[in-house]
Amino acid sequence: MNARVLQGWAWMLLGLLLVGIASAVLPSPSESYPMYVVGLAGINVILAVSLHIVNGLTGQFSLGHAGFMAVGGYTAALFGTKVIAEYKLMYISEPVSDTILFFVATLLGGVAAGIAGLFVGLPSLRLRGDYLAIVTLGFAEIIRVTIENVEVLGAATGLVGIPPLTNLFWIFFWASATLLYAKRLQECTHGRALLAIREDEIAAEAMGVDTTGYKVRAFVASSFFAGVAGALLGYYLTILTPKDFTFLKSVEVVVMVVLGGMGSASGAILAAVLLTVLPEALRPLREHTGVDLRMVIYASLLLLMMLLRPRGFLGRREIWTMLRRRRETEPEVAP
Amino acid sequence: MTEFVQHLVNGLSLGSVYALIALGYTMVYGVLQLINFAHAEIFMLGAFAGYYSASWLPAFQREPRFLVILSLSMATCALLGTVIERFAYRPLRYSPRLNALITAMGVSMLIQAIGQLPFFMGPSPRFFPELLPNTTLLSLGGVGVSSLQAVTLVSSVVLMIGLHRLVFHSRFGSAMRAVSFDARTAGLMGIDANRVIALTFMVGSALAAAAGILVGLSYPRIEPTMGVLLGLKAFVAAVLGGIGNVRGAMVGGLTIGLVEAMAVGYGSSSYRDAVAFGILILVLIFKPSGIFGRGAVVEKV
């Protein structure tokens with residue numbers, strides 16, 4: 001382990017500590033609306049960074065992130081209503097037991113979504129071109145239609161009674177885990193292979209990169225984190241409806257990645273936060289005009305971005321490398 | 001047996017609409033390698049163009065009202081399609097394909113969002129006027145063919161024959177096929193690719209508008225989001241037939257329509273939307289290039 005890896009872990013621990021303190025001091029999301037929005041932004045960050053692994057690093061286009069989110073969300077929610085609400089772990093207090101089981105639930109959600117990702121990715125990632133987009137889109141629709149028709153999952157009215165266990169600490173924990181994964185991935189063999197596939201798939205294959213294998217693994221990892229985000233969302237809202245996982249949600253995540261800059265994790269974070277807060281900031285406008293302009297603004301932003309600045313906010317740069325470079329070059333300039 | 005033939009009739013009339021929309025997807029994909037998500041919105045605008053022209057223009061109260069409104073809506077959408085191509089897709093002709101795809105999604109979202117604003121079409125559904133009487137035209141041994149089904153089938157068959165003539169037996173058609181085969185070489189042979197692409201959008205959009213009117217006739221509830229699901233299914237039809245292949249889109253559309261009608265008839269109607277996507281996944285696993293595809297093309301260095 002080199003210094004940079006330790007640095008990453010150190011930042012994460014520091015962040016967790018700060019969030020732990022902050023969530024103890026600040027009002028909880030269920031009490032204050034701004035904190036609630038912060039939580040939503042965190043969940044969107046997980047989604048955006050996980051899609052960044054597939055879209056930004058590997059250059060594949062997935063349009064079904066909401067589908068994986070739904071798989072994870074409903075799996076975890078089912079676990080929550082059937083197990084956490086009914087049983088407790090022995091010998092420990094109730095809050096601790098709930099927390100442990102909640103962590104298991106998020107993991108379960110992630111694993112379920114990861115398995116779904118394997119089944120979707122394996123056939124479609126063998127092919128080049130837009131097939132992944134087509135299949136993931138179809139998959140997400142199938143998932144949604146199935147949920148709408150299964151009574152156990154609450155059908156169209158939604159699955160209610162999920163214990164409200166998601167707090168800012170857990171959201172931040174998973175967001176930073178996702179980010180750390182994406183960031184570390186970029187610097188190891190697997191990530192290098194992904195970057196090679198993004199730049200030129202044929203050349204990568206000629207250099208001996210197992211393109212399908214690497215693509216599928218990246219896709220499974222991305223689905224895993226999407227599932228975790230879905231699980232967190234379920235325990236955050238305490239209700240899940242199929243309407244949370246429409247095609248529009250998938251598009252929203254894609255927009256975050258694209259606006260931030262394809263290939264930039266920090267850009268994805270930036271865009272995720274911005275796109276969560278923007279509708280709230282536009283609320284006065286909506287009240288003033290009586291018209292919901294949110295989608296119009298979303299779509300125009302996306303179009304303008306594509307036409308005027310196709311590389312997104314940050315392109316492929318990362319905020320932390322920009323900062324580090326400045327720090328590293330300063331001493332040379334000083335004397 | 002009677003039941004089966006009835007489902008067959010329903011499926012064919014539904015499938016011909018899918019085929020009309022799928023043609024637009026497949027032609028644009030052929031010349032640009034772009035999934036034109038905005039195509040579903042053109043279809044929706046086609047239905048609304050019909051709705052507005054029927055309610056605003058009293059001169060069209062006389063027969064042949066249906067044909068006048070159909071051609072008016074087709075012309076409007078042909079224009080819209082070319083405008084979209086000119087201002088959203090042409091500036092991105094030489095940028096990565098992903099950007100064009102995202103732009104297509106952006107255009108689709110924008111049209112939907114603007115359509116839902118109260119001073120345009122509004123979020124609540126409207127009811128398409130009854131342009132033609134809905135009667136049972138033919139009844140043979142328990143199988144009924146309604147006049148609307150007949151009109152849908154006849155109009156789409158006429159349009160598809162026309163398109164087939166255009167693509168395979170005209171100068172423009174051969175230019176289009178040349179561009180779709182290899183745009184650069186076609187350019188070297190003196191074909192103005194931009195013009196061909198614009199015309200392709202025009203033709204595809206006109207077909208989508210016709211589909212919009214036909215859907216409006218049979219399912220009178222029209223709303224700004226009506227294009228999403230139908231468009232996706234039509235796109236699946238295009239993939240099923242082999243994307244980029246004009247005959248494939250027709251066959252694919254009819255197949256999806258038939259399978260869907262059978263699924264609704266013999267299974268449960270609640271899964272009707274999942275059927276098309278199930279077919280899609282099966283196709284992509286077993287024959288990704290589709291029924292009429294050129295075979296999985298492996299790129300060489």
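Scroll up for the structure.
Since the structure is predicted, the reported quantities are computational estimates derived from the model, not experimental observations.

Caption draft 1: Structural context of the overall build of chain A. What chain A contains, in helices and strands, is 14 helices and two strands. C-alpha extents for chain A along the principal axes are approximately 60 × 55 × 50 Å. Counting over 335 residues, chain A shows a buried share of 48%. Sequence-distant contacts in chain A: of pairs separated by 6 or more residues, those separated by 24 or more amount to 82%.

Caption draft 2: Broad picture of the overall build of chain B. Secondary structure assignment for chain B yields 11 helices and four strands. Taken against the 2.2 N^0.38 rule, which gives 19 Å for 301 residues, the C-alpha radius of gyration of chain B at 19 Å falls within 12% of a compact globule. The principal-axis extent of the C-alpha atoms belonging to chain B is close to 60 × 45 × 35 Å. Burial analysis of chain B (301 residues in total) assigns 50% to the buried set. Restricting to contacts in chain B with at least 6 residues of sequence separation, those with at least 24 account for 75%.

Caption draft 3: Broad picture of the packing of helix α2 (residues 33-57) of chain A against helix α9 (residues 211-237) of chain A. Residue and element names in this part refer to chain A. Running from N to C, α2 and α9 cross one another at 170 degrees; their axes reach a closest spacing of 9 Å. Judged by the inter-axis angle, α2 sits roughly antiparallel to α9. Residues Gly39, Ile43, Ile46, Leu47, Ser50, Leu51, Ile53, Val54 and Leu57 of α2 touch α9, and the partners they reach there are Ala218, Phe219, Ala221, Ser222, Phe225, Ala226, Val228, Ala229, Leu232, Leu233 and Tyr236. Here the contact of α2 with α9 is composed, by residue class, of 17 nonpolar, three polar and no charged.

Caption draft 4: Representation of the pairing of strand β2 (residues 136-140) of chain B within the structure. Residues and elements named next belong to chain B. By the criterion of burial, β2 is predominantly exposed, with just zero of the five residues buried. Direction of pairing for β2 relative to strand β3 (residues 143-146): antiparallel, over a ladder of four bridges. Within β3, the residue paired with Leu138 across the bridge is Val145. In this structure, the hairpin formed by β2 and β3 is closed by a connection of two residues, where Gly141 is found at a positive phi of approximately 55 degrees.

Caption draft 5: Focus on the environment of Ile84(B). All names here are of chain B. Checked against the element boundaries, Ile84 lands in helix α3 (residues 65-89). When the C-alpha positions of Ile84 and Ala104 are compared, they lie 9.3 Å apart, and in sequence the two are 20 residues distant. Sequence-distant contacts of Ile84, that is, excluding residues within four places in its chain, are made with Ala38 and Val107.

Caption draft 6: Just the environment of Pro125(B), in detail. Residue and element names in this part refer to chain B. Mapped onto the elements, Pro125 comes out in the loop between α4 (97-116) and β1 (126-127). Judged by the 14 C-beta atoms lying within 10 Å of it, Pro125 is partly exposed. Put simply, Pro125 and Ala211 are 86 residues apart on the chain and 18 Å apart in space, counted from C-alpha to C-alpha.

Caption draft 7: Spotlight on the interface of chain B and chain A. Across the contact, 36 residues belong to chain B and 33 residues belong to chain A. With 12 residues, the top contributor of residues to the side of chain B that touches chain A is α4(B). Of the residues assigned to the side of chain B that touches chain A, the class counts are 28 nonpolar, six polar and two charged.

Caption draft 8: Summary view of helix α1 (residues 2-32) of chain B. If you check α1(B), its first and last C-alpha atoms are 44 Å apart, about what 31 residues at 1.5 Å a residue would give, namely 45 Å. Gln33(B) sits one or two positions beyond α1(B) and adopts a positive phi of about 55 degrees.

Caption draft 9: How the structure looks around α2(A). Residue and element names in this part refer to chain A. Compared with the 36 Å implied by 1.5 Å per residue over 25 residues, the 35 Å span of α2 between its first and last C-alpha is a close match. By the largest-angle criterion, Leu51 marks the main kink of α2, which is about 35 degrees. With 19 of 25 residues buried, α2 is to be regarded as a mostly interior element. Positive backbone phi, at 75 degrees, marks Gly59, one or two positions downstream of α2.

Here is what the cut-offs are and how they apply
Residues numbered from 1 in each chain as written. Chains lettered and ligands numbered in written order. Predicted model: local features only at pLDDT ≥ 70, side-chain atom pairs only at ≥ 80, totals over all residues. Helix = DSSP H or I, 4+ residues; strand = E, 2+ residues; numbered from the N terminus. Buried ≥ 20, exposed ≤ 12 C-beta atoms within 10 Å, placed from the backbone. Contact = placed C-beta atoms within 7 Å. Rg over C-alpha atoms; globule rule 2.2 N^0.38 Å. Axes fitted to C-alpha atoms, helices over the stretch in contact; angles between N-to-C directions. Parallel < 35°, antiparallel > 145°, perpendicular 65-115°, else oblique. Nonpolar A, V, L, I, M, F, W, Y, C, P; charged D, E, K, R; others polar. Pairing = 2+ DSSP bridges. Expected span 1.5 Å × (residues − 1). Bend = angle between axes of the 7 residues up to and from the residue.

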